[in-house]
Amino acid sequence: MSTFTQEWQDWKTRRESDLAAPHGWLALVSLDWLTDAPREYPGIPGRWWQDADAAYVDPAGAPLEHDGHPITDVRRFELVNSGAGTRVLAGDVEIEVARRSGYLIRVHDPKAEVLRDFHGVPAYEPSPSWVVPGRFEPFDAPRPTTVGAVVEGLSHVYTAPGLVHFEHDGASHTLTAFNGKEGGFSILFTDGTSGVTTYAANRSLPVGPPAADGTVTLDFNRAVNLPCAFTDFATCPLPPAGNHLAFAVEAGEKIPYER
């Protein structure tokens, strides 16, 4: 096995191990949107609600924890829209609180059927031909960019620091890049395989930070599915306008077995 293939296989093993985490995306079993009236939700302890700024939970006698401490009274969670959520522990499940325009709660259950039956993610065989040089062009100032979501009527706002340019088969292509969670960029895109061999709504390509001269590397072998490809309880963003590649990117992850 070549070094290139071995490195890709090691990356794929880590990727699948992360997906199989007991409280990860494959462990989702429900999604409920909060209202301004305190109420209980099926199978979820406590009473939950929201206002214009925050989400709230009254444990109502249930043994709930947050950040390692018991919740004994009404707890307030003010979160960033489209940002990271927070988790409330209830026995062996975790209740995720997140803000997606309004607030939602999602249960991550390590006994979830999708997690139990998970046996990896199908993918194209890795090929060095899909490792493509590119160039990052920063905007004068980062631009808040609104995109749609897999949930009808929902939108997300992300920060776009600039554009990535590259060539394929003699033609030039440009994609809007968002800031990556761990530095570098995240590029949401669709292509000629979308809805055929790859998930229809989106895939995500991580790109490392640019070199001093602005050059970047696009390794499409590491294009991954977003959580919505595996579960109906995700609210994933759609690619920004213009991030469709007319050619088929026959690299990276394919439609999950679960679909």
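Coordinates for the structure precede this section.
Let me begin by describing the structure that accompanies this report. (Residues numbered from 1 in each chain as written. Predicted model: local features only at pLDDT ≥ 70, side-chain atom pairs only at ≥ 80, totals over all residues. Heavy atoms only, no water.)

Moving on: the sheet that holds strand β3 (residues 44-50). As summarised here, the arrangement of the four strands in space is β2-β3-β4-β7, forming an open sheet in which the pairing is antiparallel. In this open sheet, the two edge strands, each paired with only one partner strand, are β2 (39-41) and β7 (75-77). With strand direction ignored, the average angle separating the axes of adjacent strands in the sheet is 35 degrees. (Pairing = 2+ DSSP bridges. Helix = DSSP H or I, 4+ residues; strand = E, 2+ residues; numbered from the N terminus. Axes fitted to C-alpha atoms, helices over the stretch in contact; angles between N-to-C directions.)

The next point concerns the state of the cysteines. Per the stated rule, a full pass over the model turns up zero disulfides. With no disulfide of its own, C228 lies 3.0 Å from the sulfur of C236, the closest cysteine sulfur. Judged by relative accessible area, C236 falls into the buried class, the value being 6%. (Disulfide = S-S within 2.5 Å. Buried < 20%, exposed > 50% of the residue type's maximum accessible area, 1.4 Å probe, protein only.)

So, about the sheet that holds strand β12 (residues 155-168). With antiparallel pairing, six strands are arranged side by side in an open sheet as β15-β14-β13-β12-β11-β16. Of all strands in the sheet, those bounded by a partner on one side alone are β15 (203-207) and β16 (215-219). Strand after strand, the sheet turns through a mean of 45 degrees between neighbouring axes, direction not considered. Pairing of β12 with strand β13 (residues 171-179) involves seven bridges; the strand directions are antiparallel. Each bridged residue has a counterpart across the sheet, and for L163 the counterpart in β13 is T176.

Locating D213 in the fold gives a position in the loop between β15 and β16. Between the C-alpha atoms of D213 and F136, which are 77 residues apart in sequence, the distance is 8.9 Å. One polar contact links D213 to T215, side chain to side chain, over a distance of 2.8 Å. (Polar contact = N/O pair within 3.5 Å; in protein donor to acceptor, adjacent residues only side chain to side chain.)

Before going further, it helps to examine the pattern of salt bridges. This model, assessed by the stated rule, comprises ten salt bridges. A salt bridge links D109 to K111, with the nearest nitrogen and oxygen atoms 3.5 Å apart. For K111, a relative accessible area of 56% puts it in the exposed group. The partner of D191 in a salt bridge is R203, with the nearest N and O atoms 3.1 Å apart. Here R203 lies in strand β15 and D191 lies in the loop between β14 (185-189) and β15, a separation of twelve residues in the sequence. For D191, a relative accessible area of 2% corresponds to the buried category. (Salt bridge = Lys/Arg side-chain N within 4 Å of Asp/Glu carboxyl O.)

For the rest of this paragraph, the subject is the packing of aromatic side chains. Tallied over the full model, the rule gives eight aromatic pairs. Seen in terms of ring centroids, Y158 and F178 are 5.4 Å apart; in terms of plane orientation they differ by 40 degrees. Their pairing is tilted. In this pair, Y158 sits in strand β12 while F178 sits in strand β13, placing the two residues 20 residues apart along the sequence. Members of the aromatic cluster, connected to one another through ring pairs, are W130, F166, F189, F220 and F247. Between the NZ or CZ atom of R143 and the centre of the ring of F139, over which it lies, the distance is 3.7 Å. When the ring centre of Y124 is taken as origin, the NZ or CZ atom of K254, which lies over that ring, is 4.5 Å away. (Phe/Tyr/Trp six-rings, centres within 6.5 Å; stacked < 30°, edge-to-face > 60°. Lys NZ or Arg CZ within 6 Å of the ring centre and 35° of its normal.)

Glancing now at the environment of Y199. Locating Y199 in the fold gives a position in the loop between β14 and β15. Given a relative accessible area of 17%, Y199 falls into the buried group. Sequence-wise, Y199 and R259 are 60 residues apart; in three dimensions their C-alpha atoms are separated by 9.0 Å. In this structure, Y199 is in contact with V150, S194, N225, C228, A229 and I255, ignoring residues within four places of it in sequence. Of note is the side chain of Y199, whose polar atom sits 3.3 Å from the backbone oxygen of C228. (Contact = heavy atoms within 4.5 Å.)

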